[in-house]
Amino acid sequence: MIESVQDREILAQHDATAALRGPLGITGHPNRSGNDGTITRFGWKAQNKSITIFAGEAYNVEMGITNEAFPTATEEDPDCQGTAKPEPNDVVRTDRDETKNQAFDNPLHILPDWQQFQMLMRFTDGPAPDPNPSDSAKRGKVIFADIGCALCHIPQMQTAPVMNSPVLQNRPVNHIRT
């Protein structure tokens, strides 16, 4: 859901709280992609702008599985990759025989695992707030707001009115950091 919140919504929320953040010394800003300037929001340091890039990078960096998005192995030692490894590990495969399919049971491997993973993440709903929070949780929410955390960690935003999937349109998203 977070991917479906438009950059302009995040920037509008950021701008709307600037006057309140200033006296508290809070000067944070949304992370931006060095490639195109869009707002990034996924990864350890929110360095990726999309679930797709996040999934491709995670497969490569965390699991060592190269793919179309990240075709270069993190370890380029030929002893690790083997000499008969001319292409990434997990890619779209449309060959009709097993010659280049690394013994997949089905030679047609249209959607690789890393892309299926990004679809799973995209369409898994986020956690809903507890409808009956404890007294401690209620106090925490008040303190969170009182000390200024909610000025950057916006309690709720809306996804874009038009998306590739109607399931992602005009939906509330809880706890977004601007």
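Now for a look at the structure at hand. (Residues numbered from 1 in each chain as written. Predicted model: local features only at pLDDT ≥ 70, side-chain atom pairs only at ≥ 80, totals over all residues. Heavy atoms only, no water.)

Focus: the pattern of salt bridges
- Evaluated as defined, the whole model comprises three salt bridges.
- With a closest N to O distance of 2.5 Å, Asp7 and Arg41 form a salt bridge. Of the two residues, Asp7 is situated in helix α1 (residues 7-16) and Arg41 in the loop between α2 (18-21) and α3 (51-62); the sequence distance between them amounts to 34 residues.
- Judged by its relative accessible area of 17%, Arg41 falls in the buried class.
- Lys49 is the partner of Asp36 in a salt bridge, and the nearest nitrogen-oxygen pair spans 2.3 Å. With Asp36 in the loop between α2 and α3 and Lys49 in the loop between α2 and α3, this pair connects stretches of sequence that are 13 residues apart. (Salt bridge = Lys/Arg side-chain N within 4 Å of Asp/Glu carboxyl O. Helix = DSSP H or I, 4+ residues; strand = E, 2+ residues; numbered from the N terminus. Buried < 20%, exposed > 50% of the residue type's maximum accessible area, 1.4 Å probe, protein only.)

Regarding the packing of aromatic side chains
- Counted under the stated rule, the structure contains two aromatic pairs.
- Ring geometry for Phe42 and Phe54: centres 6.5 Å apart, planes at 40 degrees, overall tilted. Taken together, the residues Phe42 in the loop between α2 and α3 and Phe54 in helix α3 connect sequence positions twelve residues apart.
- Judged by relative accessible area, which is 24%, Phe54 ranks as partly exposed. (Phe/Tyr/Trp six-rings, centres within 6.5 Å; stacked < 30°, edge-to-face > 60°.)

A short note on α3
- All buried positions along α3 are accounted for by Ile51, Ala55, Gly56, Ala58, Tyr59 and Asn60.
- Structurally, α3 contributes buried residues whose contacts are with α5 (113-123).
- Once α3 ends, the next one or two residues include Gly64, with phi positive near 75 degrees. (Contact = heavy atoms within 4.5 Å.)

Some thoughts on the packing of α3 against α5
- Relative to each other, α3 and α5 sit at 135 degrees, their axes nearing to 9 Å. The angle between the axes of α3 and α5 places the two elements in the oblique class. The two elements α3 and α5 meet at a crossing, and its hand is right-handed. Facing α3, whose interface residues are Ile51, Thr52, Phe54, Ala55, Gly56 and Tyr59, α5 presents Asp113, Trp114, Phe117, Gln118, Met121 and Arg122.
- Grouping the constituent residues of the contact of α3 with α5 by class yields seven nonpolar, three polar and two charged. (Axes fitted to C-alpha atoms, helices over the stretch in contact; angles between N-to-C directions. Parallel < 35°, antiparallel > 145°, perpendicular 65-115°, else oblique. Left-handed = near helix turned anticlockwise from the far one by under 90°. Nonpolar A, V, L, I, M, F, W, Y, C, P; charged D, E, K, R; others polar.)

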